[in-house]
Amino acid sequence: MTQKKSELLFKKSQDVFVGGVNSPVRSFKGVGGTPRFITRGQGPYVWDADGHRLIDFCGSWGASVLGHIPNVLAAAIARTAKRGLSFGAPTELELELGQLIQKAFPSMARMRLVSSGTEAVMSALRVARAATQREVIVKFSGGYHGHVDSLLVKAGSGAMTLSSPDSAGIPASLAQKTRVLPYNDLEAVRELFRREGQSIAAVIVEPIAANMGVVSPKEGFLEELRALTTANNALLIFDEVITGFRVTYGGAQTVFKVTPDMTCLGKIVGGGMPLAAYGGRRDIMEWVAPLGPVYQAGTLAGNPVAVAAGIATLTTLKARSPYKALEKMTAWFTGEIEEAAREAGQSIRINRVGSMWTLFFNNAPVVDLTSVQRSNTDLYAAFFHSLLERGIYLPPSAFEAAFITTTHTRAILKRALSAIQKTFSKLPGS
Ligand code: PLP
């Protein structure tokens, strides 16, 4: 499969953008080779600059749950754009989206719309620190919450792929306020709270981890995080940037029936446009300006075109409620992949929740960052490239989630399976 145009564009881009890209994992550094430049997407497909149609399992890292540019989104965006792109003043559309979010996430009694998941998390931490008058933040290794200074410590996929789990440029004094514990290790959380429970402002967690690949919370993990934070007057923040509107309409907090104090949303909430949100208990959120002393603002916050895309996405999801069908389709698909791996003698593990999944070349259960890191990344890279040659686009990193959209039909997935079977039989044994 020729990729001359992508190669040329990548070469030129390296003279303009750092590493040729605007976000590191896009550079293919984790799998080697040249990133495909994408010219368009439609439903479950993207087309690269050399004209190849690829079945897309990346889906803008989970944002496009309805597939690329469904008509309802294209229409909403066009209609809204005609009326002006940005006003820096409130609009009725923002209210509509906020109400939709609030109905789906009743824990977000008050919220703010922002422009990226990073911004949502960064703001939530600032509010949590102010509201508790404490400074320590607890996170879990392999959890990624955007490139927030306090949280770029053992930060999952992107950072891990580049073998630099800790970023340069973060003051040691700030990193010292962050505690990192193994995901799913309740004893470690209990011990930390025993030692310094009175200094902990908040525990932030991906309620279903998806940035070291998909890793489910162990039974009772989220419940006990809730109990421990409450008992110590610390806040529990769910980072549902991936899981919100993905695992079900009301996110992981609905699935697990655990109510956090604060929630961060992104990706699907903007239907692929730059939009995110954070919110939580009213008494906590009222620390934010203009009601309170925590400053947080944004010229493009609640941008009307992004908001229109969010409304179109959420109303479609609400009306169609595709979650059971997505789950069934993804369970069937990943089951078939496991079967194909068995037949080819490949040791793999697939972790899946709803329509998000990760294939690890690993012969033991994957439950935390340590077990994730035992996976064979060379095999993943070979798997990735062999599939790319056959027209399948997986996330270009062994430590990311892959996603199924409502447009991935059984016929399309069967085509992907056939490519996966051929690929397994050609890979060296794991
Ligand atoms: N939180 C989680 C769980 C994420 O997966 C991401 C991005 O992948 C973020 C936060 C940061 O979002 P953004 O990339 O929009 O800044």
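Details of the structure are given in the entry above.
Residues numbered from 1 in each chain as written. Predicted model: local features only at pLDDT ≥ 70, side-chain atom pairs only at ≥ 80, totals over all residues. Heavy atoms only, no water.

Looking only at helices and strands, the chain has 16 helices and 14 strands in total. At 21 Å, the chain has a C-alpha radius of gyration in line with the 22 Å of a compact globule built from 430 residues. With the C-alpha coordinates of the chain rotated into their principal frame, the extents come out at 60 × 55 × 45 Å. For the chain, buried positions account for 57% of its 430 residues. Taking the intrachain contacts of the chain between residues at least 6 apart in sequence as the baseline, contacts between residues at least 24 apart amount to 72%. Split by element, the accessible area of the chain, about 18200 Å² in all, is 53% carbon and sulfur. Charged side chains in the chain number 46 positive and 34 negative. The centres of these two groups are separated by 5 Å. (Helix = DSSP H or I, 4+ residues; strand = E, 2+ residues; numbered from the N terminus. Rg over C-alpha atoms; globule rule 2.2 N^0.38 Å. Buried < 20%, exposed > 50% of the residue type's maximum accessible area, 1.4 Å probe, protein only. Contact = heavy atoms within 4.5 Å. Areas by Shrake-Rupley, 256 points an atom, 1.4 Å probe, with all protein chains shown as cover. Lys, Arg positive; Asp, Glu negative; His and termini not counted. Charge placed at Lys NZ, Arg CZ, Asp CG, Glu CD.)

Glancing now at the site of the ligand. Looking at the ligand, the residues that line it are S116, G117, T118, Y144, H145, G146, E206, N211, D239, V241, I242 and K267. Between D239 and the ligand, the recorded distance is 2.6 Å, taken from a side-chain N or O atom to a nitrogen atom. For the ligand, the accessible surface in isolation is 390 Å², of which the surrounding protein chains cover 81%. When its residues are assigned to classes, the shell around the ligand shows three nonpolar, six polar and three charged. (Near = heavy atom within 4 Å. Polar contact = N/O pair within 3.5 Å; in protein donor to acceptor, adjacent residues only side chain to side chain. Nonpolar A, V, L, I, M, F, W, Y, C, P; charged D, E, K, R; others polar.)

Summed over all chains, the structure comprises 14 salt bridges. For R194, the salt bridge is made with E191, and the minimal N-O distance between the two is 3.3 Å. In this pair, R194 and E191 both sit in helix α8 (residues 186-196), three residues apart, roughly one turn of the helix. Given the relative accessible area of 57%, R194 is considered exposed. (Salt bridge = Lys/Arg side-chain N within 4 Å of Asp/Glu carboxyl O.)

Our focus in this paragraph is empty space enclosed by the protein. Gaps between atoms show up when a probe of the same size as a water molecule is rolled over them. Overall, the coordinates contain one cavity of 30 Å³ or more when judged by the stated rule. Its boundaries defined by the atoms lining it, the largest cavity holds a volume of some 60 Å³. Lining the largest cavity, in full, are W357, T358, L359, Y380, F383, L394, P395, S397, A398, E400, A401 and A402. Mapped onto the lining of the largest cavity, the elements with two or more residues apiece are β12 (356-360) and α15 (377-389). Per-element accounting of the lining of the largest cavity gives the leading share, three residues, to β12. (1 Å grid on protein atoms, 1.4 Å probe; cavity = no way out; pocket = protein on both sides within 12 Å on 5 of 7 lines; lining within 4 Å. Points joined across faces, edges and corners; volume = space filled by probe spheres on them.)

Formed by 100 residues in total, the largest nonpolar core has its most connected members in F57, F245, F333 and F424. Counting residues per element, this core draws most heavily on helix α12 (residues 304-320), which supplies nine residues. The contacts of F333, once residues within four sequence positions are left out, are F57, W357, I404, L413, A416, L417 and I420. Grouped together as the second largest cluster of nonpolar side chains are 25 residues, A124, A128, A201 and V294 included. (Core = buried A, V, L, I, M, F, W, Y, C linked by side-chain atoms within 4.5 Å.)

Here the focus is unusual backbone geometry. Look at the link from A289 to P290: it is a cis peptide, with omega at 15°. The residue P290 is located in the loop between α11 (282-285) and α12 in this model. Backbone geometry at F28 places phi at a positive 70°, although glycine is not the residue there. Relative to the helices and strands, F28 is located in the loop between α1 (4-13) and β1 (38-42).

Hydrogen bonding along the main chain pairs the strands of a sheet, whether they run parallel or antiparallel. Overall, antiparallel pairing links the three strands, which are arranged β11-β12-β14 in an open sheet. The outermost strands of the open sheet, each flanked by one partner alone, are β11 (349-353) and β14 (402-403). In this structure, β12 lies alongside β14, joined through two bridges in antiparallel fashion. Paired with W357 across the strands is A402, a residue of β14. (Pairing = 2+ DSSP bridges.)

Our next topic: the packing of aromatic side chains. For the coordinates displayed, the defined rule picks out 15 aromatic pairs. A ring pair is formed by F57 and W357, whose centres lie 5.9 Å apart and whose planes are at 80°; its orientation type is edge-to-face. Of the two residues, F57 is situated in the loop between β3 (53-56) and α2 (59-62) and W357 in strand β12; the sequence distance between them amounts to 300 residues. Across this residue pair, the class does not change: F57 and W357 are buried. Between F361 and F383 the ring centres are 5.4 Å apart and the planes differ by 75°, which places this aromatic pair in the edge-to-face class. Highlighted residues: F361 in the loop between β12 and α14 (369-372) and F383 in helix α15, separated in sequence by 22 residues. What makes F383 buried here is its relative accessible area of 1%. Through pairs of rings, three or more aromatic residues link up here, namely F361, Y380, F383 and F424. (Phe/Tyr/Trp six-rings, centres within 6.5 Å; stacked < 30°, edge-to-face > 60°.)

Another aspect to go through is the sheet that holds strand β9 (residues 262-265). Sheet architecture is open: seven strands sit in the order β4-β10-β9-β8-β7-β5-β6, paired in mixed fashion. If you trace the sheet from one side to the other, it starts and ends with β4 (110-114) and β6 (178-181), each paired once. Averaged over all adjacent pairs, the angle separating strand axes in this sheet is 20°, with direction ignored. Alignment of strand β8 (residues 235-239) against β9, held across three bridges, turns out to be parallel. Among the inter-strand pairings, F238 is bridged to a residue of β9, identified as T263. Set on the sheet, helix α4 (residues 92-104) makes contact with β4, β9 and β10 (276-280); between it and β4 the angle comes to about 125°. (Axes fitted to C-alpha atoms, helices over the stretch in contact; angles between N-to-C directions.)

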